[in-house]
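Spelled out, the chains give:
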Amino acid sequence: MNGWTAAGTALLLCGFAPAACGVATGRARRRVPAQNVATTLLSLVFLLLAQGFARPAYVDAALMLSVLGPAGTLLFVRLLADQLADHPPGERRLRVLTAVNYVAVAAVVLPLCAATGPGRAMVKLLIIGVLLALGSWVATRAVHAAAAMGHGRGAPAEGMSGDR
């Protein structure tokens, strides 16, 4: 076990596991922000393990998760907008979780870029880092918007008809 795999394991156990527990339990006000954090942390775990095991294919998994993770959060925000409007997550909690995402991305991606050196692999790492940061920002804004507006509290969502 080297330092990269130790860091990946620590992030998996101390970061992703509690976030996954938050995704699986509680109200939507807890699950949706936790899902955003969990996908970011899991993507970072893939990056650390890719470096630790010298497996570039894990970087591709991190890239896919950096795109699909925020998209999944946006889908959950859309589907759970009424619940988020009825019981919105705390403003401070959302800010803290977004800041945690930013710090975690910088703390993992920048040392990996230094270890990788200049080249295509470093550019790919930087793109993943930017996607993770932007995805976190977009998902947080979507949670804010859903908490502020909802879909009319009980009315069907836009484009969804009440009759079948």
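Computed from a prediction, not measured in an experiment: that's the story for all the values here.

**Student:** Any chance you could explain the overall build of the protein here in plain terms?
**Tutor:** Across its full length, the protein holds 6 helices and 0 strands. Each helix and strand of the protein, ordered N terminal to C terminal, gives the series α-α-α-α-α-α. Considering only C-alpha atoms, the protein reaches an extent of 55 × 30 × 25 Å along its principal axes. Counting the 164 residues in the protein, one finds 38% classified as buried.

**Student:** Help me understand the UniProt feature "signal peptide" (unreviewed entry) in the protein, please; the structure alone is not making it clear to me.
**Tutor:** Per the UniProt record, "signal peptide" (unreviewed entry) is annotated on residues 1–19. The span residues 1–19 shows a helical share of 89% and a strand share of 0%, and its end C-alpha atoms are spaced 25 Å apart.

**Student:** Even after reading the chapter, I still don't get the nonpolar core, so can you show me in this structure?
**Tutor:** Here is a general trend for soluble globular proteins: nonpolar side chains tend to be buried in one another's company. Residues Leu11, Leu44 and Leu47 are the most contacted members of the largest nonpolar core, which totals 22 residues. Contributing elements (two or more residues each) for this core: helix H1 (3–24), helix H2 (28–53), helix H3 (57–79), helix H5 (91–116) and helix H6 (120–149). Sort the elements by how many residues they give to this core and H2 lands first, with 9 residues. If near-sequence neighbours (up to four positions away) are discounted, leucine 44 is found in contact with Leu11, Ala104, Val105, Val108, Val109 and Leu132. Counting 10 residues, the second largest nonpolar core, distinct from the first, contains Val77, Ala81, Leu84 and Ala146.

**Student:** What's the story with the packing of H5 against H6 in this structure? I'm lost.
**Tutor:** To describe two helices that pack against each other, one gives the angle between their axes and the distance between the axes. Direction vectors running N to C along H5 and H6 enclose 175°, while the axes themselves pass 9 Å from each other. One element, H5, and the other, H6, form an angle in the roughly antiparallel class. Only Ala121, Met122, Leu125, Leu126, Gly129, Leu132, Ala133, Ser136, Trp137, Thr140, Val143 and His144 of H6 make contact with H5, whose side of the interface consists of Glu91, Leu94, Thr98, Asn101, Tyr102, Val105, Val109, Leu112, Cys113 and Thr116. Among the residues making up the contact of H5 with H6, the classes are represented as 14 nonpolar, 7 polar and 1 charged.

**Student:** In this structure, what is going on with a nonpolar patch on the surface? I would like to understand it.
**Tutor:** A cluster of nonpolar side chains, namely Leu74, Tyr102, Val130, Leu134, Trp137 and Val138, defines an oily patch on the protein surface of about 520 Å² accessible area. Considering every element that reaches the nonpolar patch, the biggest residue donor is H6, with 4 residues. Secondary-structure assignment places tryptophan 137 in helix H6. Judged by its relative accessible area of 43%, tryptophan 137 falls in the partly exposed class.

Cut-offs used in this document
Residues numbered from 1 in each chain as written. Predicted model: local features only at pLDDT ≥ 70, side-chain atom pairs only at ≥ 80, totals over all residues. Heavy atoms only, no water. Helix = DSSP H or I, 4+ residues; strand = E, 2+ residues; numbered from the N terminus. Buried < 20%, exposed > 50% of the residue type's maximum accessible area, 1.4 Å probe, protein only. UniProt positions renumbered as here; feature names shortened; annotations may be inferred. Core = buried A, V, L, I, M, F, W, Y, C linked by side-chain atoms within 4.5 Å. Contact = heavy atoms within 4.5 Å. Axes fitted to C-alpha atoms, helices over the stretch in contact; angles between N-to-C directions. Parallel < 35°, antiparallel > 145°, perpendicular 65-115°, else oblique. Nonpolar A, V, L, I, M, F, W, Y, C, P; charged D, E, K, R; others polar. Patch = residues over 30% accessible without salt bridge, like charges linked within 9 Å, V, L, I, M, F, W, Y side chains within 5 Å. Areas by Shrake-Rupley, 256 points an atom, 1.4 Å probe, with all protein chains shown as cover. Salt bridge = Lys/Arg side-chain N within 4 Å of Asp/Glu carboxyl O.

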